[in-house]
Amino acid sequence: MNIKKKYDFIRKDLDNYLVDYLISSSYPKNIVDPIKYIFLDKGKKIRAILLIEACDLFDIDYKDIRHIALAIECIHTYSLIHDDLPAMDDDNYRRGELTLHKKYDEATAILVGDALISLAFELITNEDSVLSPECKISLVNNLARSSGGMGMVGGQMLDIYMNPSTTNIQEINNMQHMKTGELFCFSCISGPIIGGGSDEDKKTLFEFAKLYGSIFQISDDLIDIESTLEMAGKSVNKDNKGGKSTLIEYMGIEESKSKITINLQEIKLLLKRYGNKADNLYNLCLQLVDRKS
Ligand code: GRG
């Protein structure tokens, strides 16, 4: 199977798995319909794909971890739904369509986001899973840390209350790592957690995820500057209009692009220990650079 077909299959399979799970667990229609609206056939699902590729380094079967891949996408999707609310980024478009609170209402957007957080942990601790209890505890602990106050939520808080006139590049890097990088770290270290990798494997994949996160952030900022609503499927030029501090503002476009090149070189060195097995992880980094949304 070529790589595009493989990732298209994964995206579709996760969509189907989610719908089957929600329906078989008797979730109410008021929760199921908005989740279907924001999730099905939407989003690149790169956090799930990263997790699957990181697990592949340790020869873990896709069918044994697809629920963990879905869990990380549930957390990510909740973060987008809440981020789009009027109290936060106040956005009208997401994933090529109206944001959830615009399509439905704010109460629905808040509650569906909440339900997605719980669903993520429900999936990880699923009794039918072949993963060991120790592995499930470690995944729950790591996901809670990377998505909570020490990770994504903490980063969002720093971002909202950051003062652009007094901030500096280190603070922006730290905020962005917490806000978006931590979830990538969860995806990547899930490989050695599930596959029984060494501390060195965890360290390597954590460092890989940080570099991947940095490329993701720079390319996301470039999309914000260079793309259009139609191409990106979300509002663009928000950082400029919202007076937000971005790395590009500090480094300029050219230096930001060279930072991507340097990160790619470092990633190559880091992944060397896995030989050809890590080709897909490296190619995921290249895809980030080429993306338009
Ligand atoms: C509301 C608790 C809370 C946290 C929000 C990550 C985040 C924190 C907000 C998202 C805001 C945002 C647009 C950040 C820029 C980076 C980002 C996460 C972009 C969207 O991720 P993609 O490109 O989206 O992976 P898809 O739609 O493909 O899943």
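The structure presented is a predicted model; accordingly, all values stated were derived computationally and were not measured.

J.: It is not clear to me how the overall build of the protein chain should be interpreted in this structure. Could you clarify?
T.: Along its length, the protein chain carries 14 helices and two strands. Expected size for 293 residues packed as a compact globule is a radius of gyration near 19 Å; at 18 Å, the protein chain falls within 12% of this value. Judged by the C-alpha coordinates and their principal axes, the protein chain covers about 50 × 50 × 35 Å. Considering the protein chain as a whole, with its 293 residues, one finds that 51% of them fall into the buried category. At a minimum sequence separation of 6, the contacts of the protein chain that also span at least 24 residues come to 73%. Carbon and sulfur atoms make up 53% of the accessible area of the protein chain, which totals about 13,900 Å². Distance between charge centroids for the protein chain: 3 Å, based on 35 positive and 44 negative side chains.

J.: Can you help me understand the pattern of salt bridges in this one?
T.: Any two side chains of opposite charge can pair, on the condition that their charged atoms come close. By the definition in use, this model includes 14 salt bridges. Between Lys12 and Asp41 there is a salt bridge, with its nearest N and O atoms 3.2 Å apart. Residue Lys12 is found in helix α1 (residues 3-24), and its partner Asp41 is found in the loop between α2 (29-39) and α3 (46-56); the two are separated by 29 residues along the sequence. Overall, the relative accessible area of 41% leaves Lys12 in the partly exposed class. You can call Asp41 exposed: its relative accessible area is 63%. One salt bridge in this structure joins Lys63 and Asp61, with 3.4 Å as the shortest N-O distance.

J.: Would you take a moment to explain the site of the ligand for this structure?
T.: With respect to spatial proximity, 21 residues lie near the ligand, and among them Lys44, Arg47, His76, Asp83 and Arg95 are the closest. Within the contact set of the ligand, an oxygen atom lies 2.7 Å away from a side-chain nitrogen or oxygen of His76. With respect to the ligand, the side chain of Arg95 contributes an N or O atom lying 2.8 Å from an oxygen atom. For the ligand, whose free accessible area comes to 700 Å², the fraction covered by protein is 92%. At the level of elements, α3, α4 (62-83), α8 (152-160), α9 (169-195) and α10 (199-226) are the ones that each hand at least two residues to the shell around the ligand. Ranked by the residues each element gives to the shell around the ligand, the list is headed by α4, at six residues. Each residue belonging to the shell around the ligand can be placed in one class, and the counts come to seven nonpolar, six polar and eight charged.

J.: I tried to follow the side chain of Asp83 on my own but got confused; where do I start?
T.: One can find Asp83 in helix α4. Of the buried charged residues, Asp83 lacks a salt bridge, with Arg94 as the closest side chain of opposite charge at 4.1 Å.

J.: Can you walk me through the layout of surface pockets in this structure?
T.: Summary: where empty space remains is shown by rolling a probe the size of a single water molecule over the atoms. Here the second largest pocket defines a volume of roughly 270 Å³. Along its surface, the second largest pocket is lined by 13 residues, and Asn173, His177, Lys210, Gly213 and Ser214 are the ones closest to its centre. Among the elements of the structure, α9, α10 and α13 (247-271) are those that each provide at least two residues to the lining of the second largest pocket. Per-element accounting of the lining of the second largest pocket gives the leading share, six residues, to α10. In terms of residue class, the lining of the second largest pocket is made up of two nonpolar, eight polar and three charged.

J.: Looking at this model, I keep getting lost on unusual backbone geometry. Mind explaining?
T.: When glycine is set aside, most residues are seen to have a negative phi, and most peptide bonds are trans. The phi dihedral of Ser26 falls on the positive side, at around 55°, and the residue is not glycine. Positive phi values are uncommon outside glycine, yet Asp59 reaches one of about 60°. Following the sequence through the fold, Asp59 ends up in the loop between α3 and α4.

J.: Is there a simple way to explain the packing of aromatic side chains in this structure?
T.: Aromatic ring pairs are defined here through the distance separating the ring centres and the angle between the ring planes. Under the definition given, this model contains six aromatic pairs. Ring centres of Phe184 and Phe216 lie 5.0 Å apart, and the angle between their planes is 65°; on these two criteria the pair is classed as edge-to-face. Of this pair, Phe184 sits in helix α9 while Phe216 sits in helix α10, placing them 32 residues apart in sequence. Looking at Phe216, the relative accessible area reads 8%, which means it is buried. Connected via pairs of aromatic rings, a cluster forms that spans Phe184, Phe208, Tyr212 and Phe216. The aromatic ring of Tyr37 is capped on one face by Lys42, whose charged end is 4.4 Å from the ring centroid. The aromatic ring of Phe39 is capped on one face by Lys45, whose charged end is 4.5 Å from the ring centroid.

How each quantity is defined
Once a new chain begins, its residue numbering starts again from 1 and follows that chain's sequence as written. At least 70 in pLDDT is required for a residue's local features to be given in this predicted model, at least 80 for side-chain atom pairs to be given and counted, and no such filter applies to totals for whole chains, interfaces and linings, which use all residues. Only hydrogens and water are set aside; all other atoms, that is, all heavy atoms of the structure, feed into the side-chain values. Counting from the N terminus, the helices are DSSP H or I runs at least four residues long and the strands are E runs at least two residues long. Each radius of gyration reported is based on C-alpha atoms, and the globular scaling rule is 2.2 Å times the count of residues to the power 0.38. Throughout this description, buried means an accessible area under 20% of the type-specific maximum (1.4 Å probe, protein chains only), exposed means over 50%, and partly exposed covers the range between. Here, two residues are considered to be in contact whenever any of their heavy atoms come within 4.5 Å of each other. Exposure was quantified through the Shrake-Rupley algorithm and a 1.4 Å probe, taking into account, for residues, occlusion by the shown protein chains and nothing else. Only four residue types enter the tally: Lys and Arg on the positive side, Asp and Glu on the negative side; His and the chain ends are excluded. By convention, charge coordinates are those of NZ in Lys, CZ in Arg, CG in Asp, or CD in Glu. Any Lys or Arg side-chain nitrogen located within 4 Å of an Asp or Glu carboxyl oxygen qualifies as a salt bridge. Proximity criterion: a residue is near a molecule or strand once any of its heavy atoms comes within 4 Å of it. Polar contact is the term for a pair of N or O atoms within 3.5 Å; when the atoms are in protein, one must be able to donate a hydrogen and the other to accept it, and sequence-neighboring residues count only if both atoms are side-chain atoms. Residue classes follow a fixed rule: Ala, Val, Leu, Ile, Met, Phe, Trp, Tyr, Cys and Pro count as nonpolar, while Asp, Glu, Lys and Arg count as charged, and any other residue, Gly among them, counts as polar. For cavity detection a 1 Å grid was placed over the protein atoms alone, and a set of points counts as a cavity when a 1.4 Å probe fits there but cannot get out; an open set counts as a pocket when protein lies on both sides within 12 Å along at least five of seven lines, with lining residues being those that have an atom within 4 Å of a point. Grid points are joined across faces, edges and corners, and a volume is the space filled by probe spheres set on the points. Only the six-membered ring of Trp is used, alongside the rings of Phe and Tyr, when aromatic pairs are assigned; centres must lie within 6.5 Å, and planes under 30 degrees apart are stacked while those over 60 apart are edge-to-face, with the rest tilted. Whether a charge sits over a ring comes down to the Lys NZ or Arg CZ being within 6 Å of the ring centre and within 35 degrees of the ring normal.

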